[in-house]
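Overview (structure and organization)
Spelled out, the chains give:
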Amino acid sequence: MKKNISFYVMHFCLCFIFLFLPYAFTASGSIFSLPKLASNPHDRIYFFIYFLLLLFFYFNYYVLIPKVYFNEKQIRYAVILVLFLLFFLWISTVFDTPDRNFLDFRSGKSFPSGEMHPPKPGEFKHPNGLFPNKFTHPESNAKAHFGGPPTQYSHTILVYLIGVVSSLFIAIKIRLQKVEEDKMKSELSFLKAQINPHFLFNTLNSIYSLAIKKDDKTADAVVQLSELMRYIITNANDDVIALDKEINYINNYIQLQKTRLGNTVTVDYTMEGNLFGKAVTPLILISFIENAFKHGVNPNEDSVICIRINIVGEYLTLFVSNNKVQSKQTDSGIGLQNTIERLTHLYPNNHVLVIDDNSKTYQVTLTLKVG
């Protein structure tokens, strides 16, 4: 709502500035002069033409560009622009005619145009040595040009072209930004589609192992899995989620793995810090933890997994470490790689990821802005 209000206020201010731009500087040296719409015909002409140009700017931006230009009808669009330009010049021709009263430069009096003619050579000389053929300032009630096109032809054309070019530039720029955003969303949806089934497959394998052994913990594992799946179905497609929900999801996952693995692995897990008021992208942390359980567990070797989550201020730090053991896992770590790509898309300047892959351990340290 606040964004909409600021949007309309900004447009109102820009329209106000545009309409009163011709009156910003006056011949008398003052910074601003209000248009005399009631008493000055020339002010009314400028204000009316500027108002029409302003309406055309929005009509061009919201109607012509999306419905004609972006629909591969550029020739039709160019013809429409030319017709509108001719229309504005016709308006200038109709309204911007020489004033009926001209100023007698010798006496300062005004006379009907039929009673006054240009001064004869030598009869009047402008201080600059030239007889002024027009007054273009909005405050001037007297225009002494005799014949020729209206005084604001060139000005109308200039403002019209600026409006057309600027509206095209803004529309094309926003369209390119939208295309880029849609492309990014498609990529992220594709990455999520890979992560979720991958995680589900691994978890079902864990429960299958319990069921084969007729372990009494199988029922608890099914309940924990249902909590995990509820989170994935309900929240995984959200842009952000409350951090406490994501941490609860991680807790359920670790507990499920501990239930499955029993004494074959040592899991050292701690979480410290204030979760209140923090938010994070769903499933952005779990892949690093899942990777440790996938590649760091072997009943015949010393399997130690260390998980630390620490929240200080606006930042969360995740540390995951596992011993390198002989693992039956043969995939290339697609879930982990996709998470790294998601971090690049979603937190381009708000994360630091350090991976230490040595001969004995695999360690990941991720610092992420969550506040």
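Below, the structure is looked at part by part. (Residues numbered from 1 in each chain as written. Predicted model: local features only at pLDDT ≥ 70, side-chain atom pairs only at ≥ 80, totals over all residues. Heavy atoms only, no water.)

1. Here's the deal with the packing of helix H5 (residues 218-235) against helix H6 (residues 243-261)
Counted only if it meets this: Every angle, taken between N-to-C directions, lies between 0 and 180 degrees, and every axis is a line fitted to C-alpha atoms, over only the stretch in contact when it is a helix. Secondary structure is summarised from DSSP: a helix means a run of H or I of at least four residues, a strand means a run of E of at least two, and numbering begins at the N terminus for each. Just so you know how the angles are binned, under 35 degrees is roughly parallel, over 145 roughly antiparallel, 65 to 115 roughly perpendicular, and the rest oblique. Each crossing gets its hand from how the near helix is turned against the far one by less than a right angle, where anticlockwise is left-handed and clockwise is right-handed. Contacts are assigned to residue pairs with any non-hydrogen atoms lying within 4.5 Å of each other.
One way to put it is that H5 packs onto H6 with a least axis distance of 10 Å and a crossing angle of 150°. On the basis of their axis angle, the class for H5 and H6 is roughly antiparallel. The two elements H5 and H6 cross, and the hand of that crossing is left-handed. Across the interface between the two elements, Ala 221, Gln 224, Glu 227, Leu 228, Tyr 231 and Ile 232 of H5 pack against Lys 245, Glu 246, Tyr 249, Asn 252, Tyr 253, Gln 255, Leu 256 and Thr 259 of H6.

2. Concerning a nonpolar patch on the surface
Let me state the cut-off plainly: Nonpolar side chains (Val, Leu, Ile, Met, Phe, Trp, Tyr) within 5 Å and like charges within 9 Å form the patches, drawn only from residues with over 30% relative accessible area and no salt bridge. Accessibility throughout is a Shrake-Rupley quantity obtained with a 1.4 Å probe, and a residue counts as covered only by protein chains that appear here. Any Lys or Arg side-chain nitrogen found within 4 Å of a carboxyl oxygen on Asp or Glu counts as a salt bridge. The buried label applies to any residue whose accessible area, calculated with a 1.4 Å probe on protein chains only, is under 20% of its type's maximum; exposed applies above 50%, and partly exposed to all values in between.
A grouping of Phe 7, Tyr 8, Met 10, Phe 12, Leu 14, Phe 16, Ile 17, Phe 59, Tyr 62 and Val 63 is seen on the molecular surface, where their side chains present a nonpolar patch of about 1,000 Å² in accessible area. Of all the elements in the fold, those that place two or more residues in the nonpolar patch are helix H1 (2-19) and helix H2 (41-67). The element contributing the most residues to the nonpolar patch is H1, with seven residues. Relative to the elements of secondary structure, Ile 17 occurs in helix H1. According to the relative accessible area criterion, Ile 17 is exposed, its value standing at 52%.

3. Considerations on the pattern of salt bridges
Here the idea is simple: oppositely charged side chains can pair when their charged atoms come close. As enumerated under the stated definition, the model contains four salt bridges in all. Asp 268 serves as the salt-bridge partner of Arg 308, at 2.7 Å between the closest nitrogen and oxygen. Pair noted here: Arg 308 is in strand E6 (residues 304-312) and Asp 268 is in strand E4 (residues 266-272), with a separation of 40 residues, a long-range link. When the shortest N-O distance is used, the salt bridge between Lys 369 and Glu 314 registers 3.8 Å. Taken together, the positions of Lys 369 in strand E9 (residues 361-369) and Glu 314 in the loop between E6 and strand E7 (315-323) put the pair 55 residues apart, joining distant regions of the chain. Among the residues examined, Glu 314 registers a relative accessible area of 40% and is labelled partly exposed.

4. Examining the environment of Leu 200
For Leu 200, the location among the structural elements is in helix H4 (residues 153-212). Since its relative accessible area comes to 28%, Leu 200 is described here as partly exposed. For the pair formed by Leu 200 and Leu 225, sequence separation is 25 residues and the distance between their alpha carbons is 9.0 Å.

5. Notes on the nonpolar core
Quick reminder of the rule: Buried Ala, Val, Leu, Ile, Met, Phe, Trp, Tyr and Cys residues form a nonpolar core when they are joined through side-chain atoms within 4.5 Å.
Grouped together as the largest cluster of nonpolar side chains are 45 residues, with contacts concentrated most on Ile 289, Phe 293 and Leu 318. Contributions of two or more residues to this core are made by H4, H5, H6, helix H7 (286-295), E6, E7, helix H8 (334-346) and E9. Among the elements that line this core, the one with the most residues is H6, at eight residues. The contact partners of Leu 318, leaving out residues within four places of it in the chain, are Leu 285, Phe 288, Ile 289, Ile 307, Arg 308, Ile 309, Val 364, Thr 365 and Leu 366. Among the nonpolar cores identified, the runner-up in size contains 24 residues, and Leu 53, Phe 56, Phe 88 and Val 164 belong to it.

6. Comments concerning the packing of H6 against H7
The following threshold applies: Note on residue categories: nonpolar means Ala, Val, Leu, Ile, Met, Phe, Trp, Tyr, Cys or Pro, charged means Asp, Glu, Lys or Arg, and polar means any other residue, Gly included.
It is the contact of H6 with H7, at a shortest axis distance of 11 Å, that shows an interaxial angle of 10°. In terms of axis orientation, H6 runs roughly parallel to H7. Two secondary-structure elements touch here, H6 through Tyr 249, Ile 250, Tyr 253, Ile 254, Gln 257 and Leu 261 and H7 through Ile 286, Ile 289, Glu 290 and Phe 293. Each residue belonging to the contact of H6 with H7 can be placed in one class, and the counts come to eight nonpolar, one polar and one charged.

7. Some thoughts on the sheet that holds E7
To keep things clear, this is the line we draw: Any two strands with at least two DSSP bridges between them are considered paired.
Here we have five strands laid out as an open sheet, ordered E4-E6-E7-E9-E8, and mixed in their pairing. Each edge of the open sheet is held by one strand with a lone partner, namely E4 and strand E8 (351-357). Taken pair by pair, the neighbouring strands of this sheet meet at an average axis angle of 5°, ignoring direction. Packed on one face of the sheet, H7 meets E4, E6, E7, E8 and E9 and runs near 5° to E7.

8. Remarks on H5
Worth spelling out the cut-off: Under the convention used throughout, the expected extent of a helix is 1.5 Å for every residue step, that is, one less than its residue count. Directions pointing from the helix axis toward each C-beta atom define the arc.
End to end, H5 covers 25 Å across 18 residues, agreeing with the expected 26 Å (1.5 Å per residue, within 8%). Taken as a whole, H5 has its buried residues at Thr 218, Ala 221, Gln 224, Leu 225, Leu 228, Tyr 231, Ile 232 and Asn 235. Angular distribution of buried residues about the axis of H5 spans 145°; they occupy a single face of the element. Residues of H5 that are exposed and point more than 90 degrees away from the buried face comprise Ile 233 and Thr 234.

9. Concerning the environment of Asn 252
Positionally, Asn 252 belongs in helix H6. We classify Asn 252 as buried; its relative accessible area is 19%. For the pair formed by Asn 252 and Gln 224, sequence separation is 28 residues and the distance between their alpha carbons is 6.1 Å. Ignoring anything within four residues of it in the chain, the contact list for Asn 252 reads Gln 224, Glu 227 and Leu 228.

10. With respect to the side chain of Gln 224
The residue Gln 224 is located in helix H5 in this model. Using a relative accessible area of 15% as the deciding quantity, one classes Gln 224 as buried. When residues no more than four places from it in sequence are discounted, the contact partners of Gln 224 are Asn 252, Gln 255, Leu 256 and Thr 259.

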